[in-house]
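Report on the structure
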Amino acid sequence: MTTIYTEEQIIAEVPGLDRALLMRFVKARIVVPLEAPARPGPVFGQIDVARLQLACDLCESFDLEDDALDLLLRLVDQLHGVRAELHALVDALEALPEEQRKPIEDRIRRRLAG
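Nothing here was measured: the structure is a model prediction, and the numbers come from that model.

Note that Asp48 resides in helix α3 (residues 46-62). No salt bridge is formed by the buried Asp48; its nearest oppositely charged neighbour, Arg51, is found at 5.7 Å. Setting aside chain neighbours within four positions, we find Asp48 in contact with Ile10, Val31 and Val32.

Positive phi is not limited to glycine here, since Arg29 has a value of about 65 degrees. Unusually for a residue other than glycine, Asp63 sits at a positive phi of about 50 degrees. With respect to the secondary-structure elements, Asp63 resides in the loop between α3 and α4 (66-95).

On to the nonpolar core, then. If you look at the biggest cluster of nonpolar residues, it comprises 19 residues, and the most contacted ones within it are Ile10, Val14, Leu17, Leu22, Phe25, Leu52 and Leu69. Listed by contribution, the elements that provide at least two residues to this core are α2 (19-27), α3 and α4. Dropping the residues within four chain positions of it, Phe25 is found in contact with Leu17, Ile30, Val31, Leu52, Ala55, Cys56, Cys59 and Leu69.

Looking now at the side chain of Arg101. Mapped onto the fold, Arg101 is located in helix α5 (residues 98-113). The exposure class of Arg101 is buried, given its relative accessible area of 19%. What Arg101 contacts, discounting residues up to four positions off in sequence, is Leu93, Glu94 and Leu96.

Here the structure, examined in full by the defined rule, presents 7 salt bridges. Between Arg51 and Asp77 there is a salt bridge, with the nearest N and O atoms lying 2.9 Å from each other. Of the two residues, Arg51 is situated in helix α3 and Asp77 in helix α4; the sequence distance between them amounts to 26 residues. Looking at Asp77, the relative accessible area reads 36%, which means it is partly exposed. We note a salt bridge from Asp70 to Arg74, for which the minimum N-O separation is 3.2 Å. On the criterion of helical spacing, the pair formed by Asp70 and Arg74 is a turn pair, its members being 4 residues apart in helix α4. The class for Arg74 is partly exposed, based on a relative accessible area of 43%. In this structure, a network of salt bridges that share partners links the residues Lys102, Asp106 and Arg109.

Now for the layout of surface pockets. Here the largest pocket defines a volume of roughly 170 Å³. Taken together, Ile47, Asp48, Ala50, Arg51, Leu54, Leu73, Val76, Asp77 and His80 make up the full set of residues lining the largest pocket. Top element by residues in the lining of the largest pocket is α3. It accounts for 5 residues. For the lining of the largest pocket, the class distribution of residues is 5 nonpolar, 1 polar and 3 charged.

When the terminal C-alpha atoms of α4 are compared, their 44 Å separation across 30 residues agrees well with the 44 Å that a helix rising 1.5 Å per residue should span. For α4, the set of buried residues is Leu69, Asp70, Leu73 and Leu93. On its buried side, α4 packs onto α2, α3 and α5.

Thresholds, definitions, all that
- Residues numbered from 1 in each chain as written.
- Predicted model: local features only at pLDDT ≥ 70, side-chain atom pairs only at ≥ 80, totals over all residues.
- Heavy atoms only, no water.
- Helix = DSSP H or I, 4+ residues; strand = E, 2+ residues; numbered from the N terminus.
- Buried < 20%, exposed > 50% of the residue type's maximum accessible area, 1.4 Å probe, protein only.
- Lys, Arg positive; Asp, Glu negative; His and termini not counted.
- Salt bridge = Lys/Arg side-chain N within 4 Å of Asp/Glu carboxyl O.
- Contact = heavy atoms within 4.5 Å.
- Core = buried A, V, L, I, M, F, W, Y, C linked by side-chain atoms within 4.5 Å.
- 1 Å grid on protein atoms, 1.4 Å probe; cavity = no way out; pocket = protein on both sides within 12 Å on 5 of 7 lines; lining within 4 Å.
- Points joined across faces, edges and corners; volume = space filled by probe spheres on them.
- Nonpolar A, V, L, I, M, F, W, Y, C, P; charged D, E, K, R; others polar.
- Expected span 1.5 Å × (residues − 1).

By themselves, these observations are geometric and do not establish any function.
Have a look at this one:
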């Protein structure tokens, strides 16, 4: 089951986050509240906690404008996606018999070496 946070709960969970900053991040679409018709007010998921923690840290450390912060977080999202794809590829390679896997690994090593 997915953990759901109300506005008050997410503010309490994320150091440095207050209501004004949360609303700023929502307006800039840095986080997008989940749809939960049974609950009054915006609600957020566990991924939003991590995203808001990173956003608060970046704003505090680098004083980023919202558009720069959005761009940086989208790049982080892409990096996480590529990392997941790489893990899936490694898992698929590891499942191959050695006589099939070895030539692929050798070719990857040559390619990475330049």
